[in-house]
Amino acid sequence: RVLFRSKMVRRRGRSVRTRRVTVMDPWLGKYHSREKHWEVRANSSMYKGIQVGDILVFNNKTCPLGEISLRVHQRLDRKTFLELFKEVPLSEVLPGLEDGDIEDVVNKVFYQRFKLGPKERQYQVVAFRMSPISEPIPTSSSNSTCSTTTEILTTPSSDEGGLEPEIGRAHV
């Protein structure tokens, strides 16, 4: 189940949307450490409205690092993951993985692990280049630990990760 939450705020003549996005371990940690700069998703209706200047608040309830707010600086819409990775460095999307054959990585990670082949065909793909705009907000969970890149890519897939339900809009 994919969840979505957004809030609108007027900034410099246009509305800036803030959206809460749940990301899987270890990707949240990679945003905190400034190793990850791009988020890549199937371009479903939940992501079509995200524009340059919008803010994504990334979180994961099982990771004690807390949430982090990131501003979108660039948006790339492409037909396939392979087409996208001709422009976006794989190391900035999946830090911690060795560079290799992009086609092999797309097949193993995006199609087999995350099962995104059907979504890619239905929605195409989108990538957002972002940078942090705030310091992390720690969570109250002290017994949890974040996963590593290797753990997330070798464990069975789950439906964890996506946008949270919409909570409303505010105009300033």
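Residues numbered from 1 in each chain as written. Predicted model: local features only at pLDDT ≥ 70, side-chain atom pairs only at ≥ 80, totals over all residues. Heavy atoms only, no water.

Engineer: It is not clear to me how the overall build of the protein chain should be interpreted in this structure. Could you clarify?
Structural biologist: A count of helices and strands for the protein chain gives seven helices and seven strands. Helices and strands appear in the protein chain in the N-to-C order β-β-α-β-α-β-β-α-α-α-α-β-α-β. Long-range contacts, defined here as pairs at least 24 residues apart, represent 78% of the contacts in the protein chain between residues at least 6 apart. In the form shown here, the protein chain has an accessible surface area of approximately 9,200 Å², with 50% of it arising from carbon and sulfur atoms. (Helix = DSSP H or I, 4+ residues; strand = E, 2+ residues; numbered from the N terminus. Contact = heavy atoms within 4.5 Å. Areas by Shrake-Rupley, 256 points an atom, 1.4 Å probe, with all protein chains shown as cover.)

Engineer: Please explain the packing of aromatic side chains as it appears in this structure.
Structural biologist: Two measures describe an aromatic ring pair: the distance that separates the ring centres and the angle between the ring planes. This model, assessed by the stated rule, comprises three aromatic pairs. Pairing Tyr31 with Phe58 gives two aromatic rings, centres 4.8 Å apart and planes at 80 degrees, and the pair type is edge-to-face. On the criterion of sequence distance, the pair formed by Tyr31 in helix H1 (residues 27–32) and Phe58 in strand E4 (residues 55–59) is long-range, its members being 27 residues apart. On the basis of an interplanar angle of 20 degrees and a centroid distance of 4.6 Å, the ring pair of Phe81 and Phe110 is categorised as stacked. Of this pair, Phe81 sits in helix H3 (residues 81–84) while Phe110 is found in helix H5 (residues 102–113), placing the two residues 29 residues apart along the sequence. Among the residues examined, Phe110 registers a relative accessible area of 4% and is labelled buried. What links up through ring pairs into an aromatic cluster is the set Phe81, Phe85 and Phe110. (Phe/Tyr/Trp six-rings, centres within 6.5 Å; stacked < 30°, edge-to-face > 60°. Buried < 20%, exposed > 50% of the residue type's maximum accessible area, 1.4 Å probe, protein only.)

Engineer: For this particular structure, what's the right way to read the nonpolar core?
Structural biologist: Counting 19 residues, the largest nonpolar core has Val40, Phe81, Phe85, Val93, Leu94 and Phe110 as its most contacted members. Of all the secondary structure elements, the ones that give two or more residues to this core are strand E3 (38–42), H3, helix H4 (90–93), H5 and strand E6 (125–132). Take this core: its biggest share by element is four residues, from H5. Excluding residues that lie within four positions of it along the chain, Phe85 makes contacts with Val40, Leu90, Val93, Ile102, Val106 and Phe110. Grouped together as the second largest cluster of nonpolar side chains are 15 residues, Leu28, Phe58, Leu70 and Val72 included. (Core = buried A, V, L, I, M, F, W, Y, C linked by side-chain atoms within 4.5 Å.)

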